[in-house]
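Residue-level structural notes
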Amino acid sequence: MLRVLLSCLVCRFVHFVLQKLGRGATTLPGRIALKVKRNVLSDLSKNVKVIIVTGTNGKTTSCRIIEEGLKTAGKTYFINKSGANLITGITASFIMNSSVTGKCKKEYAIVECDENAFREVSRYIRADVVLVTNVFRDQLDRYGEVTHTLNAIKESIKNLPEAVVCLNADCSLTYSMAKEIPNKIVTYGVNVPFDKDAKEPEISDAKYCIFCKHEYKYSYHTYGHLGGFECTECGYKRAQPDFSVISVEELKPNHSIVVTDFNGDKNITKINIGGAYNIYNAIGCSSALSAIGLDNKTIYSALESFNGAFGRMEQFDCGDNKINVILVKNPAGFSQTMNFLKSIDDDFTLILSLNDNAADGRDISWIWDVDFCDIFKKDNVKNLYVCGKRCYDMAVRVKYEGTNGREIQVIENEDYNTLVDIAQAQGNDVYIVPTYTSMMTMRPVIAKRLGGKEFWE
(Lines give C-alpha, C1' and ligand atoms only; values in the text may rest on other atoms or scores of the structure.)
Protein backbone atom coordinates (compact mmCIF):
# COMPACT_ATOMS: atom_id res chain seq x y z
CA MET A 1 0.00 0.00 0.00
CA LEU A 2 2.86 2.39 0.78
CA ARG A 3 4.40 1.96 -2.67
CA VAL A 4 1.00 2.54 -4.31
CA LEU A 5 0.71 5.76 -2.33
CA LEU A 6 4.22 6.85 -3.34
CA SER A 7 3.54 6.02 -7.01
CA CYS A 8 0.38 8.11 -6.98
CA LEU A 9 2.01 11.04 -5.19
CA VAL A 10 5.06 11.22 -7.47
CA CYS A 11 2.89 10.88 -10.59
CA ARG A 12 0.64 13.72 -9.47
CA PHE A 13 3.59 15.94 -8.63
CA VAL A 14 5.30 15.43 -12.01
CA HIS A 15 1.96 15.93 -13.77
CA PHE A 16 1.39 19.20 -11.90
CA VAL A 17 4.84 20.53 -12.79
CA LEU A 18 4.56 19.59 -16.48
CA GLN A 19 1.10 21.14 -16.76
CA LYS A 20 2.42 24.38 -15.25
CA LEU A 21 5.12 24.32 -17.92
CA GLY A 22 2.47 23.93 -20.63
CA ARG A 23 3.35 20.33 -21.41
CA GLY A 24 0.90 17.49 -22.07
CA ALA A 25 2.07 15.39 -19.08
CA THR A 26 0.80 12.20 -20.70
CA THR A 27 3.67 9.71 -20.33
CA LEU A 28 6.50 10.97 -18.08
CA PRO A 29 4.41 10.94 -14.86
CA GLY A 30 3.47 7.31 -15.53
CA ARG A 31 7.04 6.36 -16.36
CA ILE A 32 8.25 7.68 -13.02
CA ALA A 33 5.33 6.09 -11.13
CA LEU A 34 6.25 2.71 -12.62
CA LYS A 35 9.78 3.11 -11.28
CA VAL A 36 8.28 3.22 -7.79
CA LYS A 37 5.92 0.25 -8.29
CA ARG A 38 6.08 -1.71 -11.53
CA ASN A 39 2.75 -3.50 -11.05
CA VAL A 40 0.81 -0.48 -9.78
CA LEU A 41 -1.82 -1.03 -12.51
CA SER A 42 -2.88 -4.21 -10.71
CA ASP A 43 -3.93 -2.10 -7.74
CA LEU A 44 -5.39 0.78 -9.76
CA SER A 45 -7.67 -1.35 -11.96
CA LYS A 46 -9.31 -3.35 -9.14
CA ASN A 47 -12.29 -1.10 -8.48
CA VAL A 48 -13.20 0.03 -11.98
CA LYS A 49 -14.79 -1.58 -15.04
CA VAL A 50 -12.12 -1.54 -17.76
CA ILE A 51 -12.73 -1.46 -21.51
CA ILE A 52 -9.56 -1.95 -23.58
CA VAL A 53 -9.45 -1.02 -27.27
CA THR A 54 -6.60 -2.36 -29.40
CA GLY A 55 -5.88 -3.18 -33.05
CA THR A 56 -4.14 -1.53 -36.00
CA ASN A 57 -6.63 1.11 -37.11
CA GLY A 58 -9.46 2.94 -35.37
CA LYS A 59 -8.39 2.77 -31.72
CA THR A 60 -8.69 6.47 -30.85
CA THR A 61 -11.97 6.98 -32.68
CA SER A 62 -13.42 3.83 -31.12
CA CYS A 63 -12.44 5.01 -27.64
CA ARG A 64 -14.22 8.31 -28.24
CA ILE A 65 -17.38 6.54 -29.45
CA ILE A 66 -17.36 4.39 -26.31
CA GLU A 67 -16.85 7.57 -24.29
CA GLU A 68 -19.93 9.06 -25.97
CA GLY A 69 -21.90 5.95 -25.04
CA LEU A 70 -20.94 6.13 -21.37
CA LYS A 71 -21.62 9.87 -21.33
CA THR A 72 -25.07 9.30 -22.87
CA ALA A 73 -25.78 6.62 -20.26
CA GLY A 74 -24.82 9.01 -17.44
CA LYS A 75 -21.87 6.91 -16.30
CA THR A 76 -18.67 8.27 -14.78
CA TYR A 77 -15.51 7.35 -16.67
CA PHE A 78 -12.04 8.39 -17.71
CA ILE A 79 -10.11 7.85 -20.93
CA ASN A 80 -6.48 8.25 -22.00
CA LYS A 81 -7.61 10.97 -24.42
CA SER A 82 -4.20 11.96 -25.61
CA GLY A 83 -3.65 8.62 -27.31
CA ALA A 84 -0.74 7.92 -24.92
CA ASN A 85 -1.39 4.21 -25.33
CA LEU A 86 1.74 2.59 -23.88
CA ILE A 87 1.88 1.39 -20.29
CA THR A 88 3.35 4.74 -19.16
CA GLY A 89 0.45 6.80 -20.48
CA ILE A 90 -2.15 4.28 -19.31
CA THR A 91 -0.66 4.26 -15.80
CA ALA A 92 -0.66 8.06 -15.67
CA SER A 93 -4.34 8.14 -16.70
CA PHE A 94 -5.31 5.68 -13.97
CA ILE A 95 -3.39 7.54 -11.27
CA MET A 96 -4.78 10.95 -12.22
CA ASN A 97 -8.29 9.52 -11.89
CA SER A 98 -7.70 7.73 -8.58
CA SER A 99 -7.31 8.78 -4.98
CA VAL A 100 -3.77 8.97 -3.57
CA THR A 101 -4.33 5.48 -2.16
CA GLY A 102 -5.04 4.10 -5.65
CA LYS A 103 -8.84 3.75 -5.53
CA CYS A 104 -10.43 4.82 -8.81
CA LYS A 105 -12.92 7.68 -8.59
CA LYS A 106 -14.84 6.64 -11.73
CA GLU A 107 -17.03 3.69 -12.66
CA TYR A 108 -15.37 2.97 -16.00
CA ALA A 109 -11.94 3.23 -17.59
CA ILE A 110 -11.65 3.41 -21.39
CA VAL A 111 -8.13 2.36 -22.33
CA GLU A 112 -6.60 2.76 -25.78
CA CYS A 113 -3.74 0.27 -25.89
CA ASP A 114 -0.98 -0.15 -28.46
CA GLU A 115 -0.89 -3.68 -29.84
CA ASN A 116 2.70 -4.36 -28.75
CA ALA A 117 2.26 -2.64 -25.39
CA PHE A 118 -0.81 -4.80 -24.75
CA ARG A 119 1.45 -7.72 -23.85
CA GLU A 120 2.82 -5.89 -20.81
CA VAL A 121 -0.37 -4.03 -19.90
CA SER A 122 -2.40 -7.26 -19.87
CA ARG A 123 -0.10 -8.76 -17.22
CA TYR A 124 -1.11 -6.09 -14.73
CA ILE A 125 -4.55 -4.78 -15.63
CA ARG A 126 -7.94 -6.41 -15.10
CA ALA A 127 -10.35 -5.89 -18.00
CA ASP A 128 -14.08 -6.45 -18.46
CA VAL A 129 -14.21 -5.93 -22.23
CA VAL A 130 -11.57 -6.01 -24.98
CA LEU A 131 -12.46 -4.55 -28.38
CA VAL A 132 -10.13 -5.59 -31.23
CA THR A 133 -10.65 -3.32 -34.25
CA ASN A 134 -8.66 -5.08 -36.99
CA VAL A 135 -5.16 -6.22 -37.96
CA PHE A 136 -3.42 -4.59 -40.93
CA ARG A 137 0.18 -4.20 -41.97
CA ASP A 138 1.58 -1.27 -40.01
CA GLN A 139 5.06 0.13 -39.37
CA LEU A 140 7.33 -2.70 -40.51
CA ASP A 141 10.27 -1.52 -38.43
CA ARG A 142 8.19 -1.63 -35.25
CA TYR A 143 5.40 -4.18 -35.73
CA GLY A 144 6.88 -6.51 -38.35
CA GLU A 145 4.44 -8.57 -40.36
CA VAL A 146 0.75 -8.87 -39.53
CA THR A 147 1.16 -12.24 -37.81
CA HIS A 148 3.45 -10.60 -35.25
CA THR A 149 0.73 -8.08 -34.38
CA LEU A 150 -1.92 -10.79 -34.29
CA ASN A 151 0.13 -12.96 -31.94
CA ALA A 152 0.80 -10.01 -29.64
CA ILE A 153 -2.93 -9.36 -29.28
CA LYS A 154 -3.76 -13.05 -28.89
CA GLU A 155 -1.16 -13.63 -26.19
CA SER A 156 -2.35 -10.54 -24.34
CA ILE A 157 -6.00 -11.61 -24.35
CA LYS A 158 -5.00 -14.98 -22.89
CA ASN A 159 -3.87 -13.00 -19.83
CA LEU A 160 -7.44 -11.69 -19.48
CA PRO A 161 -9.62 -14.86 -19.49
CA GLU A 162 -12.60 -13.15 -17.81
CA ALA A 163 -12.91 -10.35 -20.38
CA VAL A 164 -15.59 -10.35 -23.06
CA VAL A 165 -13.74 -10.02 -26.38
CA CYS A 166 -15.34 -8.18 -29.33
CA LEU A 167 -13.87 -9.38 -32.63
CA ASN A 168 -14.23 -8.07 -36.17
CA ALA A 169 -15.79 -11.01 -38.02
CA ASP A 170 -14.84 -9.49 -41.40
CA CYS A 171 -11.11 -9.53 -40.62
CA SER A 172 -9.82 -13.05 -41.25
CA LEU A 173 -6.80 -12.33 -39.06
CA THR A 174 -8.69 -10.88 -36.11
CA TYR A 175 -11.51 -13.42 -36.14
CA SER A 176 -9.05 -16.34 -36.19
CA MET A 177 -8.43 -15.68 -32.48
CA ALA A 178 -11.92 -17.00 -31.71
CA LYS A 179 -10.54 -20.53 -32.13
CA GLU A 180 -7.68 -20.04 -29.69
CA ILE A 181 -8.75 -17.82 -26.79
CA PRO A 182 -10.88 -19.01 -23.84
CA ASN A 183 -12.97 -15.84 -23.58
CA LYS A 184 -16.61 -15.16 -24.31
CA ILE A 185 -16.66 -13.84 -27.90
CA VAL A 186 -18.95 -11.20 -29.40
CA THR A 187 -18.61 -10.56 -33.14
CA TYR A 188 -19.36 -7.55 -35.32
CA GLY A 189 -19.13 -6.79 -39.02
CA VAL A 190 -20.62 -5.35 -42.19
CA ASN A 191 -22.73 -7.76 -44.25
CA VAL A 192 -22.57 -5.84 -47.53
CA PRO A 193 -19.95 -4.05 -49.63
CA PHE A 194 -19.73 -0.27 -49.26
CA ASP A 195 -19.48 0.01 -53.04
CA LYS A 196 -21.22 -2.62 -55.17
CA ASP A 197 -18.90 -1.85 -58.08
CA ALA A 198 -15.71 -2.04 -56.01
CA LYS A 199 -12.96 -4.22 -57.45
CA GLU A 200 -10.96 -6.75 -55.49
CA PRO A 201 -8.05 -4.89 -53.86
CA GLU A 202 -4.71 -5.33 -55.60
CA ILE A 203 -2.85 -5.50 -52.28
CA SER A 204 -4.10 -7.63 -49.40
CA ASP A 205 -2.60 -8.19 -45.96
CA ALA A 206 -4.38 -11.54 -45.65
CA LYS A 207 -4.84 -13.17 -49.03
CA TYR A 208 -4.24 -16.71 -47.81
CA CYS A 209 -5.90 -18.73 -45.06
CA ILE A 210 -4.17 -18.27 -41.74
CA PHE A 211 -4.74 -21.94 -40.90
CA CYS A 212 -4.04 -23.90 -44.13
CA LYS A 213 -2.50 -21.24 -46.43
CA HIS A 214 -4.97 -21.70 -49.29
CA GLU A 215 -6.27 -18.58 -51.00
CA TYR A 216 -9.51 -17.14 -49.65
CA LYS A 217 -12.61 -16.77 -51.78
CA TYR A 218 -14.67 -13.64 -51.17
CA SER A 219 -18.40 -13.09 -51.64
CA TYR A 220 -17.74 -9.33 -51.24
CA HIS A 221 -15.08 -6.87 -50.09
CA THR A 222 -15.53 -3.80 -47.91
CA TYR A 223 -11.92 -2.60 -47.91
CA GLY A 224 -8.47 -4.16 -47.70
CA HIS A 225 -8.81 -7.79 -46.70
CA LEU A 226 -12.09 -7.19 -44.85
CA GLY A 227 -15.27 -8.78 -46.14
CA GLY A 228 -16.98 -12.10 -46.76
CA PHE A 229 -13.97 -14.40 -46.73
CA GLU A 230 -14.02 -18.19 -46.92
CA CYS A 231 -11.36 -20.87 -47.22
CA THR A 232 -12.82 -23.64 -49.37
CA GLU A 233 -10.00 -25.98 -48.32
CA CYS A 234 -10.30 -26.07 -44.50
CA GLY A 235 -13.68 -24.38 -44.02
CA TYR A 236 -12.54 -21.35 -42.06
CA LYS A 237 -14.89 -18.49 -42.96
CA ARG A 238 -16.52 -15.31 -41.80
CA ALA A 239 -19.12 -15.85 -39.09
CA GLN A 240 -22.51 -14.15 -39.15
CA PRO A 241 -21.88 -11.31 -36.68
CA ASP A 242 -23.84 -10.65 -33.50
CA PHE A 243 -23.73 -6.92 -34.32
CA SER A 244 -23.89 -6.10 -38.00
CA VAL A 245 -24.63 -3.54 -40.66
CA ILE A 246 -27.09 -5.17 -43.05
CA SER A 247 -27.33 -2.31 -45.55
CA VAL A 248 -25.66 1.01 -46.26
CA GLU A 249 -28.24 3.62 -47.22
CA GLU A 250 -26.10 6.77 -47.40
CA LEU A 251 -22.40 7.61 -47.31
CA LYS A 252 -21.78 11.33 -46.87
CA PRO A 253 -18.58 13.25 -46.00
CA ASN A 254 -19.83 13.97 -42.47
CA HIS A 255 -22.12 11.02 -41.69
CA SER A 256 -23.47 7.64 -42.78
CA ILE A 257 -26.97 6.14 -42.66
CA VAL A 258 -27.02 2.37 -42.22
CA VAL A 259 -29.41 -0.36 -41.18
CA THR A 260 -28.03 -2.21 -38.17
CA ASP A 261 -28.90 -5.54 -36.63
CA PHE A 262 -27.95 -5.81 -32.97
CA ASN A 263 -28.71 -9.43 -32.07
CA GLY A 264 -32.02 -9.29 -33.95
CA ASP A 265 -32.89 -5.67 -33.12
CA LYS A 266 -32.96 -3.93 -36.52
CA ASN A 267 -32.77 -0.16 -36.72
CA ILE A 268 -32.03 2.67 -39.18
CA THR A 269 -28.94 4.23 -37.61
CA LYS A 270 -27.12 7.47 -38.26
CA ILE A 271 -23.37 7.40 -37.66
CA ASN A 272 -22.32 10.99 -37.08
CA ILE A 273 -18.89 10.79 -38.71
CA GLY A 274 -17.88 10.33 -42.33
CA GLY A 275 -15.81 7.56 -43.90
CA ALA A 276 -16.83 4.00 -44.63
CA TYR A 277 -14.14 2.72 -42.27
CA ASN A 278 -15.83 4.58 -39.41
CA ILE A 279 -18.86 2.35 -39.90
CA TYR A 280 -16.64 -0.45 -38.59
CA ASN A 281 -15.59 1.67 -35.62
CA ALA A 282 -19.24 2.40 -34.86
CA ILE A 283 -20.46 -1.19 -35.06
CA GLY A 284 -17.46 -2.48 -33.08
CA CYS A 285 -18.13 0.03 -30.31
CA SER A 286 -21.79 -0.95 -30.31
CA SER A 287 -20.77 -4.51 -29.47
CA ALA A 288 -18.45 -3.31 -26.69
CA LEU A 289 -21.04 -0.95 -25.18
CA SER A 290 -23.61 -3.75 -25.21
CA ALA A 291 -21.10 -6.07 -23.52
CA ILE A 292 -20.87 -3.69 -20.54
CA GLY A 293 -24.65 -3.55 -20.26
CA LEU A 294 -25.80 -0.49 -22.18
CA ASP A 295 -29.16 -0.80 -23.96
CA ASN A 296 -29.53 -0.38 -27.71
CA LYS A 297 -31.41 2.91 -27.46
CA THR A 298 -28.46 4.48 -25.64
CA ILE A 299 -26.01 3.06 -28.18
CA TYR A 300 -27.99 4.46 -31.13
CA SER A 301 -28.10 7.86 -29.46
CA ALA A 302 -24.33 7.81 -28.92
CA LEU A 303 -23.63 6.96 -32.58
CA GLU A 304 -25.84 9.84 -33.68
CA SER A 305 -24.20 12.42 -31.39
CA PHE A 306 -20.51 11.45 -31.61
CA ASN A 307 -18.45 14.16 -33.34
CA GLY A 308 -14.94 12.79 -33.87
CA ALA A 309 -11.59 12.54 -32.10
CA PHE A 310 -8.56 14.82 -32.26
CA GLY A 311 -6.71 14.47 -35.55
CA ARG A 312 -9.29 11.98 -36.84
CA MET A 313 -11.85 13.73 -39.05
CA GLU A 314 -11.30 16.76 -36.85
CA GLN A 315 -12.61 20.07 -38.16
CA PHE A 316 -11.47 23.63 -37.50
CA ASP A 317 -13.46 26.67 -38.60
CA CYS A 318 -11.66 28.93 -41.06
CA GLY A 319 -14.04 31.73 -42.01
CA ASP A 320 -16.71 30.25 -44.27
CA ASN A 321 -14.63 27.12 -44.83
CA LYS A 322 -13.27 24.19 -42.83
CA ILE A 323 -9.79 22.84 -42.25
CA ASN A 324 -10.05 19.08 -41.75
CA VAL A 325 -7.32 16.88 -40.27
CA ILE A 326 -7.35 13.13 -40.99
CA LEU A 327 -4.53 11.07 -39.46
CA VAL A 328 -3.03 8.22 -41.51
CA LYS A 329 -0.52 5.63 -40.31
CA ASN A 330 -0.39 2.79 -42.83
CA PRO A 331 -1.43 1.81 -46.38
CA ALA A 332 -4.93 0.63 -45.45
CA GLY A 333 -5.81 3.78 -43.53
CA PHE A 334 -4.30 6.08 -46.16
CA SER A 335 -6.13 4.26 -48.97
CA GLN A 336 -9.46 4.52 -47.17
CA THR A 337 -8.86 8.22 -46.55
CA MET A 338 -8.29 8.73 -50.28
CA ASN A 339 -11.45 6.77 -50.99
CA PHE A 340 -13.33 9.01 -48.56
CA LEU A 341 -11.97 12.19 -50.15
CA LYS A 342 -12.91 10.89 -53.59
CA SER A 343 -16.57 10.89 -52.43
CA ILE A 344 -16.50 14.66 -51.82
CA ASP A 345 -18.04 16.74 -54.59
CA ASP A 346 -17.25 20.26 -53.35
CA ASP A 347 -13.94 21.95 -54.18
CA PHE A 348 -11.11 21.34 -51.72
CA THR A 349 -7.35 21.66 -51.29
CA LEU A 350 -5.35 18.56 -50.35
CA ILE A 351 -2.24 18.69 -48.13
CA LEU A 352 -0.25 15.47 -47.54
CA SER A 353 2.29 15.53 -44.69
CA LEU A 354 4.82 12.72 -44.20
CA ASN A 355 7.24 12.27 -41.28
CA ASP A 356 9.60 9.41 -40.48
CA ASN A 357 10.09 9.80 -36.74
CA ALA A 358 10.08 6.72 -34.52
CA ALA A 359 6.33 6.94 -33.84
CA ASP A 360 5.64 7.13 -37.60
CA GLY A 361 8.03 4.35 -38.58
CA ARG A 362 11.44 5.03 -40.05
CA ASP A 363 10.67 2.96 -43.13
CA ILE A 364 8.40 5.01 -45.40
CA SER A 365 8.26 2.48 -48.25
CA TRP A 366 4.65 1.83 -47.22
CA ILE A 367 3.49 4.94 -49.11
CA TRP A 368 4.01 3.01 -52.36
CA ASP A 369 1.30 0.56 -51.29
CA VAL A 370 -1.29 3.34 -50.93
CA ASP A 371 -4.21 3.25 -53.36
CA PHE A 372 -4.99 6.88 -54.27
CA CYS A 373 -8.32 5.71 -55.74
CA ASP A 374 -7.93 7.91 -58.84
CA ILE A 375 -8.59 10.96 -56.70
CA PHE A 376 -6.59 13.24 -58.98
CA LYS A 377 -8.92 12.49 -61.87
CA LYS A 378 -11.51 14.63 -60.10
CA ASP A 379 -11.58 18.31 -61.00
CA ASN A 380 -12.62 19.46 -57.51
CA VAL A 381 -9.13 18.83 -56.02
CA LYS A 382 -8.07 22.41 -56.67
CA ASN A 383 -4.59 22.56 -55.13
CA LEU A 384 -2.09 19.97 -53.94
CA TYR A 385 0.60 20.47 -51.30
CA VAL A 386 3.10 18.18 -49.59
CA CYS A 387 4.94 18.87 -46.34
CA GLY A 388 6.63 17.14 -43.41
CA LYS A 389 10.17 15.87 -42.89
CA ARG A 390 9.85 13.58 -45.92
CA CYS A 391 7.89 16.01 -48.09
CA TYR A 392 10.00 15.30 -51.17
CA ASP A 393 9.46 11.55 -50.85
CA MET A 394 5.72 12.21 -50.79
CA ALA A 395 6.08 14.53 -53.78
CA VAL A 396 7.80 11.75 -55.75
CA ARG A 397 5.09 9.25 -54.76
CA VAL A 398 2.34 11.61 -55.88
CA LYS A 399 4.17 12.46 -59.10
CA TYR A 400 4.30 8.76 -60.02
CA GLU A 401 0.60 8.51 -59.22
CA GLY A 402 -0.11 11.26 -61.73
CA THR A 403 -1.74 14.55 -60.78
CA ASN A 404 -3.50 15.43 -64.06
CA GLY A 405 -1.40 18.54 -64.54
CA ARG A 406 -1.62 19.87 -61.00
CA GLU A 407 1.52 21.42 -59.58
CA ILE A 408 2.86 19.62 -56.50
CA GLN A 409 3.61 22.50 -54.14
CA VAL A 410 6.12 21.86 -51.33
CA ILE A 411 6.05 23.29 -47.80
CA GLU A 412 9.55 22.64 -46.43
CA ASN A 413 11.00 22.26 -42.92
CA GLU A 414 7.75 21.36 -41.16
CA ASP A 415 6.71 25.00 -41.41
CA TYR A 416 3.20 24.60 -40.05
CA ASN A 417 2.57 28.32 -39.64
CA THR A 418 3.04 28.65 -43.39
CA LEU A 419 0.76 25.64 -43.81
CA VAL A 420 -1.99 27.45 -41.86
CA ASP A 421 -1.39 30.62 -43.88
CA ILE A 422 -1.85 28.64 -47.08
CA ALA A 423 -4.92 26.84 -45.73
CA GLN A 424 -6.57 30.13 -44.75
CA ALA A 425 -5.96 31.60 -48.20
CA GLN A 426 -7.58 28.80 -50.19
CA GLY A 427 -11.18 29.98 -50.43
CA ASN A 428 -12.42 26.40 -50.12
CA ASP A 429 -12.28 23.55 -47.61
CA VAL A 430 -8.86 22.07 -46.88
CA TYR A 431 -8.12 18.43 -46.05
CA ILE A 432 -4.79 17.80 -44.31
CA VAL A 433 -3.64 14.17 -44.28
CA PRO A 434 -0.65 13.82 -41.90
CA THR A 435 1.23 10.95 -40.31
CA TYR A 436 1.28 10.77 -36.51
CA THR A 437 4.15 13.03 -35.42
CA SER A 438 3.32 15.52 -38.14
CA MET A 439 -0.25 15.70 -36.83
CA MET A 440 0.94 16.07 -33.24
CA THR A 441 3.24 18.95 -34.21
CA MET A 442 0.93 20.81 -36.58
CA ARG A 443 -2.27 20.46 -34.55
CA PRO A 444 -1.21 22.83 -31.73
CA VAL A 445 -0.37 25.44 -34.38
CA ILE A 446 -3.78 25.04 -36.03
CA ALA A 447 -5.58 25.02 -32.66
CA LYS A 448 -3.77 28.12 -31.44
CA ARG A 449 -4.55 30.11 -34.57
CA LEU A 450 -8.07 28.84 -35.32
CA GLY A 451 -9.27 27.81 -31.87
CA GLY A 452 -9.36 24.33 -30.37
CA LYS A 453 -8.59 22.31 -27.28
CA GLU A 454 -5.18 20.93 -26.44
CA PHE A 455 -4.80 17.31 -27.54
CA TRP A 456 -4.91 15.98 -23.97
CA GLU A 457 -8.13 17.76 -23.09
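A brief structural summary. Along each chain, residues carry numbers from 1 onward, in the same order as the chain's sequence is written. Reporting of local features is limited, given that this is a predicted model, to residues whose pLDDT is at least 70; pairs of side-chain atoms are given and counted only at 80 or more, and all residues count toward the totals for whole chains, interfaces and linings. Calculation of side-chain values draws on the structure's entire complement of heavy atoms; hydrogens and water are dropped beforehand.

Bringing the pattern of salt bridges into the picture now. Here a salt bridge means any side-chain nitrogen of Lys or Arg lying within 4 Å of a carboxyl oxygen belonging to Asp or Glu. For the structure shown, the criterion picks out 20 salt bridges. We note a salt bridge from arginine 38 to glutamate 120, for which the minimum N-O separation is 2.1 Å. Of this pair, arginine 38 sits in the loop between α2 (28-36) and α3 (40-44) while glutamate 120 is found in helix α6 (residues 118-124), placing the two residues 82 residues apart along the sequence. Here's how the labels work: a residue is buried when its accessible area is under 20% of the maximum for its type, exposed when over 50%, partly exposed in between, all with a 1.4 Å probe on protein chains only. Its relative accessible area of 22% is what places glutamate 120 among the partly exposed residues. The closest approach of N and O atoms between arginine 64 and glutamate 67, which form a salt bridge, is 3.9 Å. Here arginine 64 pairs with glutamate 67, and both are found in helix α4 (residues 59-72), just 3 residues apart, close to one helical turn. Each member of the pair, arginine 64 as well as glutamate 67, carries the same accessibility label: buried. Comment: elements are numbered from the N terminus, with helices defined as DSSP H or I runs of at least four residues and strands as E runs of at least two.

On to the side chain of threonine 260, then. Among the secondary structure elements, threonine 260 is positioned in strand β10 (residues 255-262). Using a relative accessible area of 2% as the deciding quantity, one classes threonine 260 as buried. Apart from residues no more than four positions distant in its own chain, threonine 260 is found in contact with Ser244, Val245, Asp265, Lys266, Asn267, Thr269, Ile283 and Tyr300. Only heavy atoms enter the contact rule, under which two residues are in contact if any of them lie within 4.5 Å.

Next up on the list: the sheet that holds strand β6 (residues 184-190). Ordered in space as β2-β3-β1-β4-β5-β6-β9-β10-β11, the 9 strands form an open sheet in which the pairing is mixed. The open sheet has two free edges, formed respectively by β2 (77-79) and β11 (265-271), since each of these has just one partner strand. Neighbour to neighbour, the strand axes of the sheet diverge by 20° on average, direction disregarded. Strand pairing is assigned whenever DSSP detects at least two bridges linking the two strands. The pairing of strand β5 (residues 164-168) with β6 spans 5 bridges and is classified as parallel. By the bridge assignment, cysteine 166 is partnered in β6 with valine 186. Here, axes are lines fitted to C-alpha atoms. For helices the fit covers the stretch in contact, and angles between N-to-C directions go from 0 to 180 degrees. With respect to the sheet, helix α5 (residues 87-96) is in contact with β1 (49-54), β2 and β3 (108-112), its orientation differing from that of β3 by roughly 160°.

A separate point is the packing of helix α14 (residues 416-424) against helix α15 (residues 436-450). The axes of two packed helices give the description: the angle between them and the distance between them. Two numbers describe how α14 lies on α15: the axes approach to 9 Å, and their chain directions differ by 55°. On the basis of their axis angle, the class for α14 and α15 is oblique. Judged by the twist between their axes, the crossing of α14 over α15 is right-handed. Together, Tyr416, Asn417, Leu419, Val420, Asp421 and Gln424 of α14 and Ser438, Thr441, Met442, Val445, Ile446, Arg449 and Leu450 of α15 make up the contact between the two elements. In what follows, roughly perpendicular refers to angles from 65 to 115 degrees, roughly parallel to angles under 35, roughly antiparallel to angles over 145, and oblique to any angle outside these ranges. Each crossing is labelled by how the near helix is turned from the far one, with a counterclockwise turn of less than a right angle marking it left-handed and a clockwise turn marking it right-handed.

This next bit is on helix α11 (residues 296-305). Residues of α11 that are buried include every one of Asn296, Thr298, Ile299, Tyr300, Ala302 and Leu303, and no others. Pairs of N or O atoms are called polar contacts if they sit within 3.5 Å, as long as, within protein, a hydrogen donor faces a hydrogen acceptor (for residues adjacent in sequence, only side-chain-to-side-chain pairs). Its side-chain oxygen at 3.1 Å from the backbone nitrogen of lysine 297, aspartate 295 defines the N-terminal cap of α11.

Once that is clear, we can look at α4. A helix is expected to span 1.5 Å for every residue after the first. If you check α4, its first and last C-alpha atoms are 20 Å apart, about what 14 residues at 1.5 Å a residue would give, namely 20 Å. Turning to α4, its buried residues number three or more, namely Lys59, Thr60, Thr61, Ser62, Cys63, Arg64, Ile65, Ile66, Glu67, Glu68, Gly69 and Leu70. The first or second residue beyond α4 is glycine 74, which carries a positive phi of 75°.

Two rings from Phe, Tyr or Trp (for Trp, the six-membered ring) form a pair when their centres are within 6.5 Å of each other. A pair whose planes differ by under 30 degrees is stacked, one over 60 is edge-to-face, and the rest are tilted. On inspection of all chains with the given rule, the structure shows 18 aromatic pairs. With a centroid separation of 6.2 Å and 10° between ring planes, the pair formed by tyrosine 175 and tyrosine 236 is classed as stacked. On the criterion of sequence distance, the pair formed by tyrosine 175 in helix α9 (residues 172-175) and tyrosine 236 in the loop between β8 (227-230) and β9 (243-252) is long-range, its members being 61 residues apart. Its relative accessible area of 17% is what places tyrosine 175 among the buried residues. Here the aromatic residues Tyr175, Phe211, Tyr216, Tyr218, Phe229 and Tyr236 are joined through ring pairs into a cluster of three or more. Directly above the aromatic system of phenylalanine 211 lies the positively charged group of lysine 179, at a separation of 4.5 Å from the ring centroid. In our convention, an over-ring charge means Lys NZ or Arg CZ found within 6 Å of a ring centre and within 35 degrees of that ring's normal.

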